[in-house]
Amino acid sequence: MTRADRLRPSDLAREHGLSAQAVRNYEDDGILPPAPRGDQGYRRYTPVHAQALRAFLALRPGFGHQGAAAILRAANAGDEEAVFRLLDQGHAEILRDRATLDEVTAALTELAPAGDEPVRGAPSVGALARRLGIHPATLRKWEKAGILHAERDPVTGYRRYPPAAVRDAHMARQLRRGGYPLRQIAGAIANVREAGGIGPLEEALSTWRSRLRRRGRAMLDGTAELAAYLRLRGL
C-alpha cells in the first residue's frame, strides 16, 4: 500500500462534509469494507473505501438509506446476484409508483362532477367499498380523518355516500395507493371542495411526478458510482 493510498477517516469524511465518526460508523455497519489497521490500531482506508462511500451516498437518495446499505453490504460480500436483485427491486418499486401516478392522473378525467342525488339512491358503505375494492372499515376510517362526508338515509339511518363523497373516495383511494398519508389526503380533498374542482389535486400530482423524476435520476447517478466501486473490487 503506497502512502497516497493510506487514507484516514477524516480524509473520506472531508469530501462529503461528514464527521470522521460517521465514516467509522459506516464501516461498522458493513457499508464500507473492513479497513486494515496500522501498528497503533488506527484504520487505514484506501481509494476502494472512498469509492464505496461515494457509491453509498449516491445510491441513498434513490434507494433510501436501508436499500443503499443493503446494496453495499452485498457488494462487500462479493454477492453480485444480491446486488443486482436489490437494484431490480428498487427499479420495480419506482415503476409501480409511476404506474400508480398514471392511474391517479387517468382517474381525474373519469371522475363525474359532483351533482345532486337523492340520499336514498346513493351507495351504502358496502356498495361503495365493493366499487373501490376496499374494506368498509376503510371508508369509516376515512370519514374520521375528514376525507369523506357521509349522509344518513332518512328511513333506515344507514350511511349513504352522495356523488361528492363518491368522488372524494375515488381520489382518496388513488392517493393512498400513491403513498400519501391520510392527513395530507384530507387536506388535498378539502382544497378540491373549496376550489370547486380538481386543480389542487393536479398540482399535487405534478409535485409527485417531479419527485419521481428526481428519484429516477438519483438512481441513475447512484448506479454509476456503484459500477465504479464494483470494478475496483473486481466484480
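Chains are numbered independently. Their residues run from 1 in the order of the written sequence. Local features are withheld for residues below a pLDDT of 70 in this predicted model, meaning they are given only at 70 or higher, and side-chain atom pairs are given and counted only at 80 or more; totals for whole chains, interfaces and linings count all residues. Hydrogens and water are ignored here; the side-chain numbers use all heavy atoms of the structure.

### Structural notes on the nonpolar core
Here is step 1: Leu72, Leu139, Trp142 and Ile147 are the most contacted members of the largest nonpolar core, which has 55 residues in total.
Here is step 2: Runs of H or I in DSSP of at least four residues are treated as helices and runs of E of at least two as strands, each being numbered from the N terminus. Looking at which element gives the most residues to this core, the answer is helix α3 (residues 47-76), with 14 residues.
Here is step 3: Residue contacts follow a heavy-atom distance rule, with two residues in contact if any of their heavy atoms lie within 4.5 Å. With near-sequence residues (within four places) excluded, Trp142 lies in contact with Leu132, Ile134, Ile147, Leu148, Ala169, Ala172, Arg173, Arg176 and Leu182. The definition of a nonpolar core used throughout is a set of buried Ala, Val, Leu, Ile, Met, Phe, Trp, Tyr and Cys residues joined through side-chain atoms within 4.5 Å. Throughout, exposure labels follow a simple rule: accessible area from a 1.4 Å probe, protein chains only, divided by the maximum for the residue type, with under 20% read as buried, over 50% as exposed, and the rest as partly exposed.

### Quick look at the side chain of Asn76
Here is step 1: As for its position among the elements, Asn76 is in helix α3.
Here is step 2: For Asn76, a relative accessible area of 16% gives the class buried.
Here is step 3: Two N or O atoms form a polar contact when they lie within 3.5 Å of each other; inside protein one atom must be a possible hydrogen donor and the other a possible acceptor, and for residues adjacent in sequence the pair counts only when both atoms belong to side chains. A polar atom in the side chain of Asn76 sits 2.4 Å from the side chain of Tyr229.
Here is step 4: The residues touching Asn76, leaving out its near neighbours within four places in the chain, are Gly30, Ile31, Leu32, Pro33, Tyr229 and Arg233.

### Section: the layout of surface pockets
Here is step 1: Computed over the protein atoms alone on a 1 Å grid, cavities are sets of points where a 1.4 Å probe fits but cannot get out and pockets are open sets with protein on both sides within 12 Å along at least five of seven lines; a residue lines them when it has an atom within 4 Å of a point. Grid points are joined across faces, edges and corners, and a volume is the space filled by probe spheres set on the points. In this structure, the largest pocket spans a volume of roughly 180 Å³.
Here is step 2: For the largest pocket, the lining is made up of 11 residues, of which Arg6, Arg8, Tyr42, Arg43 and Arg44 are closest to its centre.

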